[in-house]
Structures are given as structure tokens and as C-alpha cells.
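# Reading the structure
What follows is the residue order along each chain.
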Amino acid sequence: MYFRVEKEIFEKLPNACFGVVMARGIDNSKAYPEIEKLLTESIQTAALHFDGKKVKEEAEILPYRAAFRTLGINPNKYLCSIEALFTRIAKGKGMPYINPIVDLGNAVSLKYTLSMGAHDLGGSSEDICIRLAKEGDTFLPFGADTEETPDVGEIVYAVGQQVRTRRWTWRQSEHGKITADSTDIFFPIDGFNDFNRDNVIKAQAELDSLLKNIFQCET
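Below or above, wherever it landed, is the structure these notes cover. (Residues numbered from 1 in each chain as written. Predicted model: local features only at pLDDT ≥ 70, side-chain atom pairs only at ≥ 80, totals over all residues. Heavy atoms only, no water.)

Below, the discussion takes up the packing of helix H4 (residues 81-90) against helix H5 (residues 100-112). Relative orientation and spacing of two packed helices are given, respectively, by the angle between their axes and the distance between those axes. Following both chains from N to C, one finds H4 and H5 inclined at 85°, their axes separated by 10 Å at the closest point. Between H4 and H5, the angle falls in the class roughly perpendicular. Residues Ile-82, Leu-85, Phe-86 and Ile-89 of H4 form the contact with H5, whose own contacting residues are Asn-106, Ser-109 and Leu-110. When its residues are assigned to classes, the contact of H4 with H5 shows five nonpolar, two polar and no charged. (Axes fitted to C-alpha atoms, helices over the stretch in contact; angles between N-to-C directions. Helix = DSSP H or I, 4+ residues; strand = E, 2+ residues; numbered from the N terminus. Parallel < 35°, antiparallel > 145°, perpendicular 65-115°, else oblique. Contact = heavy atoms within 4.5 Å. Nonpolar A, V, L, I, M, F, W, Y, C, P; charged D, E, K, R; others polar.)

Read from one edge of the open sheet, five strands run E1-E5-E6-E7-E8, paired in mixed fashion. Of all the strands in the sheet, the pair left with one neighbour each is strand E1 (3-5) and strand E8 (171-172). Relative to E8, strand E7 (residues 162-166) is paired through two bridges, and the arrangement is antiparallel. When the sheet's bridge partners are listed, Arg-166 is paired in E8 with Arg-171. (Pairing = 2+ DSSP bridges.)

Mapped onto the elements, Phe-195 comes out in the loop between strand E9 (185-192) and helix H6 (197-215). By relative accessible area, which is 41% here, Phe-195 ends up partly exposed. Put simply, Phe-195 and Ala-59 are 136 residues apart on the chain and 9.9 Å apart in space, counted from C-alpha to C-alpha. When sequence neighbours within four positions are dropped, the list of residues in contact with Phe-195 reads Ala-59, Glu-60 and Pro-63. (Buried < 20%, exposed > 50% of the residue type's maximum accessible area, 1.4 Å probe, protein only.)

All right, on to the packing of aromatic side chains then. A complete count under the given rule lists 10 aromatic pairs for this structure. With centroids separated by 4.6 Å and ring planes inclined at 55°, the aromatic side chains of Tyr-32 and Phe-215 adopt a geometry described as tilted. With a gap of 183 residues between them, Tyr-32 in the loop between strand E2 (16-23) and helix H2 (33-49) and Phe-215 in helix H6 connect regions that are remote in the sequence. The burial state of Tyr-32 is the same as that of Phe-215; both residues are buried. Seen from their ring centres, Tyr-78 and Trp-170 are 4.9 Å apart, and the 80° between their planes marks the pair as edge-to-face. (Phe/Tyr/Trp six-rings, centres within 6.5 Å; stacked < 30°, edge-to-face > 60°.)

What follows deals with the pairing of strand E6 (residues 155-159). The buried fraction of E6 is high, at five of five residues. Every second residue of E6 is oriented toward a common face, with Ile-155, Tyr-157 and Val-159 on one face and Val-156 and Ala-158 on the other, all of them buried. In this sheet, E7 lies alongside E6 in antiparallel orientation, the contact comprising three bridges. Directly across from Ala-158, in E7, lies its bridge partner Val-163. Joining the antiparallel neighbours E6 and E7 is a turn of two residues, in which Gly-160 adopts a positive phi near 65°.

It is the contact of H2 with H5, at a shortest axis distance of 8 Å, that shows an interaxial angle of 35°. Here H2 runs over H5; the crossing is left-handed. Packed against H2, whose contacting residues are Ile-35, Leu-38, Leu-39, Ser-42 and Ile-43, the element H5 presents Pro-100, Asp-103, Leu-104, Asn-106, Ala-107, Leu-110 and Lys-111 at the interface. Tallied by class, residues from the contact of H2 with H5 come to eight nonpolar, two polar and two charged. (Left-handed = near helix turned anticlockwise from the far one by under 90°.)

The next subject is the side chain of Asp-184. Tracing the backbone shows Asp-184 in the loop between E8 and E9. In terms of polar contacts, Asp-184 uses its side chain to reach the backbone amide nitrogen of Gly-25, at 3.4 Å. Excluding residues within four positions of it along the chain, Asp-184 makes contact with Met-22, Ala-23, Arg-24, Gly-25, His-119, Asp-120, Leu-121 and Gly-122. (Polar contact = N/O pair within 3.5 Å; in protein donor to acceptor, adjacent residues only side chain to side chain.)

A few words now on the pairing of E2. Consecutive residues of a regular strand have side chains that alternate between opposite faces of the sheet. Counting buried residues along E2, six of its eight residues qualify, which places the element largely inside the surrounding structure. Examined bridge by bridge, E2 and E9 share eight bridges and lie antiparallel to one another. Each bridged residue has a counterpart across the sheet, and for Gly-19 the counterpart in E9 is Ile-189.

Right, let's talk about the environment of Arg-88 for a bit. Mapped onto the elements of the fold, Arg-88 is located in helix H4. Separated by 33 residues in the primary sequence, Arg-88 and Val-55 have C-alpha atoms spaced 9.7 Å apart. Discounting chain neighbours no more than four positions away, the residues touching Arg-88 are Lys-93, Gly-94, Met-95 and Pro-96. Within the local environment of Arg-88, its side chain forms a polar contact with the backbone oxygen of Gly-94, the two atoms lying 2.9 Å apart.

Below, the structure is given as C-alpha cells:
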């Protein structure tokens, strides 16, 4: 299995950069107090940082919104994942604790103000790639039982013709959802060479270290 970024992505977003962490042999079925602590701290820091501010107008968020516009995606209708997280926190809604892997990803995402995902790749031998959606692709939204068809040409994360994330970093699929049984996890970190590349590298390194130390897994 490989991670592939198709050339069309860089034609549309020449400044895009992608951090990647892959972990195998995770036990996501039990509680990890250190992860709960990390997420709580990240939420508190985010709440203070965005207190009294409009998230969509902050410097850390503007490049993602600009990239969405470049891709023909309305950033007011479809929020990138990091803007969605911060907006929820800024409104005083906090964040739910879901499971250790999701919580860890959210903690690192919030700390470095980066769009990040987490995909269960257990049992799959096909490459995961970020590419343009094409005919035959399908997407199953979280909590849904009916598949939908992505717009041809929109940027997606996909495994085969199974779309894992629509509109680049907008929404993940029911396929690849992290559960208590997830053991093999792929984490993409989406950023920009001319804006937050250093944070992408730092987040990648910290996530790698945390996974090894907490889960004693292979990364």
C-alpha cells in the first residue's frame, strides 16, 4: 500500500504539502488518560486563542479558505476540518471525546492549527490517494446508510473508488471510520509550503512520537 498525491492536485494547489503518519498494531479499545489530557489542554488553548474573534478571519485559517475558493468550493458552506473544529470551540460548544485515536488526532490538529484526518486502513491493500473524483466513485456520509456520488473533479481522499473524504478536508466517510476495533490507521496532515510547512513537519513528528509512546505500536 502506498500514499499517492496525483499530479492534478499540485496543478490546482501548487503550494500544497502533505504530512503522513501510518500506525499499525494500535489498541483503540481502552481508555488512555494522557490522550484525554492532551485534548482537554488543546481545547482550552483554542478557546482562549479565539475568544472574541471570528475564526474565519484569523490568519491561520485564511489559507485554507483561499484554497477552497481556488478549488471552486464555497468555504462558507463547506468548512475545512480545522475551521470547523475551531468554530465549534469558539462558540462555546467544546468538543466531544470520541475514542483515543480520534481524540489524539484532534489534539494535535488543534495544537498546530492544521487540517488532519484519520482513516482505518485495516484489511485494505489498495493505495490511499488524494486525487480528483471521477465517474464511479461513491461516498457514504457519517451516520448514513445511503451512498452519494461526489462531483466529478472535486478533490478527494480515496481508496480505490471508495471516497474517504469529500471536498479535500471537508467531511470524512463512514468507510474508514475509526472505531474501537481499528488497529491500522493512516493520518494525513494537510498544509501549505509557503505558510505552515514547519507546523506540518512538527505535527507529523509529534504524532509519530505520541503514537509510539502511548500505544507501543509500529509507525
